[in-house]
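Structural overview for review
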Amino acid sequence: MNKKLKLLTGVWLMLLSVSPAFAQLHYSVNKNLAVIRVPGADSTLRILHISDSHITFPDERDKKYEVYSKRMASAYLNEVDAQTGTSVMGAEAFAKLMDKAVAQKVDLIALTGDIVNYPSEHAVDFVMKQLERTHTPFVYVSGNHDWHLEGMPGSDFEQREIWRPKMLKSLYQGNDYDCSARVIKGVDVVAIDNSFYQVSAKQLEFYRKEKTKGLPIVLLMHIPVYTEYGDKSSMGYPKWGAAVDDSYQLERRERWSEKGNSQETLDFCNEIRSTQNVIVLAGHVHHDEVDAEGGMLQIISDISRRAYARIIEIRP
């Protein structure tokens, strides 16, 4: 049975998972905090979930890419701070969230993509310095804007293969760009890059291997998993493909595949839903949403460009 929770007077309704095949999760979510009780967790794990910061922080090194970055460089400039109601710039918003990470003494900062508006050396240097000053572990997975320069020749796959090592390398801290995992307080924190809606056979097998550990999983991805309430902005949307891609000309990128979803992607989505005690943290759609399907609890967070980020607190 699937559930989508609605925000009611600032609080997502408490839900008890009703699928008999999975251990039952008790959870409550509001705008600032999600509390999830997970069988198998060793102790309380506090994660600050940041997604879609869309930082533009150019300098002279970016000028040679201006023809490709112009549209995104002027995007998201007039955002309003979610806490104060005042105007806020992307770099300022991110610095505020790093202050929050320190003040709240979180165990992990989870960055689920579109942290920068386009691949920019200066912007990535800024993000790294801000992360390092917190002295808090962090895990990063890329979003589509992190590696995309609009109008640059090459497929999405080719652009991602170029810009992850060329501009984003420091954010990965030596981890594999496609998939990585680390165990923190008895929870397996898994990062999978699904930033152009599809995953590879390598990523599918990696996730299957992580499942065999038998640990609770926090799965970090940029694009959320499709549920019955999802749309074309979800990974695994049944009609995903060229026929529903109405943004490729605006974004000056290759059109989505005429063939639709790969079998690996559909299998991956099914693997997630059939995992006991998996919590998916995603972004991309720029609004809050909580979905439950099978053994999956999915929490999608609003745009962090507004100095907004939710704490995910996993308790035994």
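Keep in mind the model is a prediction, meaning the values are calculated, not measured.

Focus on the pairing of strand β12 (residues 187-192)
- β12 sits mainly inside the fold: six of its six residues count as buried.
- Burial along β12 is two-sided: V187, V189 and A191 and D188, V190 and I192, pointing in opposite directions, are all buried.
- Relative to β12, strand β11 (residues 179-184) runs antiparallel, the two being bridged by six bridges. What sits directly across from R182, in β12, is V189.
- With antiparallel pairing between neighbouring strands as the criterion, β11 and β12 make up a hairpin whose turn holds two residues, including K185 at a positive phi of roughly 50°.
- Of the strand pairs in this sheet, β12 and strand β13 (residues 217-220) are connected by four bridges, and their pairing is parallel. In the strand pairing of β13, A191 is matched with L220.
- In this fold, β12 hands off to helix α7 (residues 201-211), which returns the chain to β13; that crossover is right-handed.

Notes on the pattern of salt bridges
- Per the counting criterion, the structure on display carries 32 salt bridges.
- With its nearest N and O atoms 3.1 Å apart, the salt bridge here joins K202 to D178. Taken together, the residues span a long stretch of sequence, with K202 in helix α7 and D178 in the loop between α6 (169-172) and β11 at a distance of 24 residues.
- Among the residues examined, K202 registers a relative accessible area of 41% and is labelled partly exposed.
- You can call D178 buried: its relative accessible area is 16%.
- By sharing partners, the salt bridges in this structure join R160, E161, R164, D176, D178, D193 and K202 into a single network.

Thresholds applied
- Residues numbered from 1 in each chain as written.
- Predicted model: local features only at pLDDT ≥ 70, side-chain atom pairs only at ≥ 80, totals over all residues.
- Heavy atoms only, no water.
- Buried < 20%, exposed > 50% of the residue type's maximum accessible area, 1.4 Å probe, protein only.
- Helix = DSSP H or I, 4+ residues; strand = E, 2+ residues; numbered from the N terminus.
- Pairing = 2+ DSSP bridges.
- Right-handed = clockwise from strand over helix to strand, strands pointing away.
- Salt bridge = Lys/Arg side-chain N within 4 Å of Asp/Glu carboxyl O.

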